[in-house]
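Listed here are the chains, written in short residue letters.
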Amino acid sequence: MKTYNWRPFLERWSADWLDSPGARGRADVDETVLRDRWLGFPAAGEDRISELEERLGVPLPPTYRSFLATTDGWRPAGTAVSRVGAAEGVHWYGDPDGLQAVHEGALDEYASEEEVLRAGMWGRALRLSAALDTAAPDTAEVLLDPGDPDANGEWAAYLHRGGAGGERPERYGSFMDLMQALFREFHRAHGDTPGFVNETTRELDADIEEARLACLDGEDIDGALELLTEADECGRPRARGPRVQMEAMLRGGSGGGSGSGSGGSADLRVVGRMDDPLYARELLPLAALEHLRAGHDEAEFLRSPDGRDHDGDDGDDRKQALALLREIDERTFRYEAPGPFGDAVASAREQARWGDTDSAWRTVAAAVAGWEPYGEEHIAPVGLLADPLLGPVITAERGRYLLETPRAGGQSAADDGEVEAPRARADGLGWLAEDTRPPAPDAYRFVLVHGVSPQELAERIGQGPLLAPCDESEAGQAIRIGSCGVGDGDRDGSGAGGGDQGTGGGSWSFAFGSGRNGTEPPSEAVSRGTKSVTVWCERGGRSAALPGIFHFSYAEDGERVYGFTVRDGETEEWGAIPDALDPGHLFPDAALDWEEEDADDDSDSGSDSGSEGSWALDPDDEYESLDAIAEVFGVSLPRFAIRHGRLHAVAPS
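What this report covers is the structure whose coordinates are included nearby. Only a predicted model underlies this, so the values are computations on that prediction, with no experimental measurement involved.

### Observations regarding the overall build of the protein chain
Of the regular secondary structure elements, the protein chain holds 22 helices and 15 strands. Per-residue burial over the protein chain gives 50% buried out of 653 residues. Residue pairs in contact within the protein chain that sit at least 24 positions apart in sequence constitute 65% of those at least 6 positions apart. Element-wise, carbon and sulfur atoms account for 46% of the exposed surface of the protein chain, whose accessible area totals about 29,600 Å².

Quick look at the structure:
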């Protein structure tokens, strides 16, 4: 519903207001309003508008000027604003409550340009609304700011509620934008009123149905969300749930991403009951996750958006909602869905918890065409985003992909077969050298073991029970365990492919730890009956106390075969190292036999130690080494799973 000129828009507002329940019975409704079905007044005329501009000393912004040319003011029309915009009552605001000094005093060095403009608006603003009614303290004022114009000459418009002690004023790009917002506010106030039916509500309800079907068909997702947003902001009851679902999917499980570009997001909370599976299994888990991220308490969560508590006749709704909140908080929530899609979700969770997030994503994406909604207002599997293992897998881009896949309930028939999801390329190992910005650690250790499951690797490498899945920040000194997937070349340890050391089509598991612990990670012990690759990297710093270290070791059946360690610019080697892994090529500036250097020579503790930062590894050498190891052994570490996913962990022995 777009507005391109004033007359049709204001006529629509007049008709909707006059047809609303109770409007005709009001004693303060002028007879001319009832007769003409018009909440406005005669047009101001060019002479009157020019006189106003001369009195103010400035030309009026275009949409307010055209408003006066349509009607010289606007009566109260179902909002908190009294008569607005009449030429006779317009005057400079003058900041009678001293709000400019208050707002400017609250600014700091990080204030945005918009915050600075907003703070300075009070002393220069033009006031369009009539005098506040002291008996109605919630009456709002309309202000225009000539100090904040756009390229078309429009002035920023503000809605200031409640006088000096009111909320921060709401900013709009123009007077027309503000009036359209007030129209939506009027509709929103009557959204649940019985008998509130008019041309606008019928159009909005048709838009909701159009958007719902388009979303299920995977068509014009952004256009569908725009329709739902407009309908929701006008208070149409069937718009909120679908809008929440679309916006959540477009943000992804991390809550970030580019989203829809719609300029705002709906409150994830919706009114519902625990016996409604759409509410209890999809919308409420997502709302609980957002609630915990915002740091709110239980009491606030238990209060629904309409002000009611989750307190059914026997308190069951309250108990169930609280139990769900605790499941989300303790990360024990498991998203479940009916039918084949639910089976796929269970398989994907198993893949994700061992680090194979790429396969988990493909499993979900391939099955979403067969997803089954709980009802007409269910348009996407949003509860998936609250699952502690699968939520991080659904990025903003992947959420959009799921929305753009035709699903059950749309007008086009969903394909009964599986949909082939985009396959991600193997990440390799070089990404560890590229991840240098905080919070990425400057030290890491990992062991790759061939033909051993993650569960068995955990038993070989750790002590105590397998810990619950955790993210990188929660792991601390624990070692996270997962699957690398099948290698891309089944290569041997010589870099030639095939041969005695070939993988034979098997897969690799990994154990990964972040941070410095000063000890070489286990390598030989975990290779019994198979083979392993170990890397230990500390990038070093600007002090000899923090030397750069890069350690690589290849082992078979519990025995070290070959490898090297570069420390503080010097190298130690052992075994017959393949040419592709020759540290002389990978670290060309490092000297050999660092252990044999004169330990008593304090004047030269390293080959380049006289220059600033010489104790640190060269990042290019780190990258080349990791890339060579990945190429020789055909291995890869899952970047997404390690940096953003949740993996099982063990305490190191």
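### Let's talk about unusual backbone geometry
Of note in the backbone geometry, Arg331 takes a positive phi value of approximately 60° without being a glycine. Assignment of secondary structure puts Arg331 in the loop between helix 13 (316-330) and helix 14 (339-353). With a phi angle near 45°, Asp557 is a residue other than glycine that sits in the positive phi range. Summarising the element assignment, Asp557 is placed in the loop between strand 11 (549-556) and strand 12 (559-567).

### Some thoughts on the packing of aromatic side chains
Under the defined criterion, the tally for this structure stands at 27 aromatic pairs. Taking 6.2 Å as the distance between ring centres and 45° as the angle between the ring planes, the aromatic pair formed by Trp6 and Phe9 counts as tilted. Taken together, the positions of Trp6 and Phe9, both in helix 1 (residues 6-18) and 3 residues apart, correspond to about one turn of that helix. For Phe9, a relative accessible area of 7% gives the class buried. What links up through ring pairs into an aromatic cluster is the set Trp6, Phe9, Trp13, Trp38, Tyr64, Phe67, Trp74, Phe175, Phe183, Phe186 and Phe196.

### Looking at the pattern of salt bridges
On inspection of all chains with the given rule, the structure shows 38 salt bridges. Among the salt bridges present, the one from Arg184 reaches Glu233, with a minimum N-O distance of 3.4 Å. A residue pair is termed long-range when its members are at least 10 positions apart, and Arg184 in helix 7 (residues 175-189) and Glu233 in helix 9 (residues 221-233) qualify at 49 residues. Residue classification places Glu233 among the partly exposed residues on the basis of a relative accessible area of 28%. Counted as one network, the salt bridges with shared partners bring together Glu209, Arg212, Arg238 and Glu377.

### Points about the nonpolar core
Membership of the largest hydrophobic core comes to 60 residues, with the highest contact counts inside it found for Met246, Phe341, Leu402 and Leu403. Broken down by element, the residue count for this core peaks at 8 residues, all from helix 11 (residues 277-293). Every residue in contact with Leu403, bar those within four places of it in the chain, is listed here: Cys215, Gly218, Ile221, Met246, Met249, Leu250 and Ala380. Counting residues in hydrophobic clusters, the runner-up holds 43 residues, among them Leu10, Trp13, Ile49 and Met179.

About the cut-offs
Residue numbers run consecutively from 1 along every chain, following the written order of its sequence. A pLDDT threshold of at least 70 governs which residues receive local features in this predicted model, and a stricter bar of 80 or more applies before side-chain atom pairs are shown or counted, although totals over entire chains, interfaces and linings include all residues. Side-chain calculation: all heavy atoms of the structure are included, whereas hydrogens and water are not. Counting from the N terminus, the helices are DSSP H or I runs at least four residues long and the strands are E runs at least two residues long. For each residue, the accessible area found with a 1.4 Å probe, counting protein chains only, is set against the maximum for its type, and the residue is called buried under 20%, exposed over 50%, and partly exposed in between. Only heavy atoms enter the contact rule, under which two residues are in contact if any of them lie within 4.5 Å. Accessible surface area values rest on a Shrake-Rupley calculation with a 1.4 Å probe, where residue burial reflects the displayed protein chains alone. Paired rings are identified among Phe, Tyr and Trp, the last through its six-membered ring, by centres lying within 6.5 Å, and are further divided according to the angle between planes into stacked (under 30 degrees), edge-to-face (over 60) and tilted (the rest). Within this document, salt bridges are pairs made up of a side-chain nitrogen of Lys or Arg and a carboxyl oxygen of Asp or Glu, the two lying within 4 Å of each other. For the purposes of this section, nonpolar cores are sets of buried Ala, Val, Leu, Ile, Met, Phe, Trp, Tyr and Cys residues that join through side-chain atoms within 4.5 Å.

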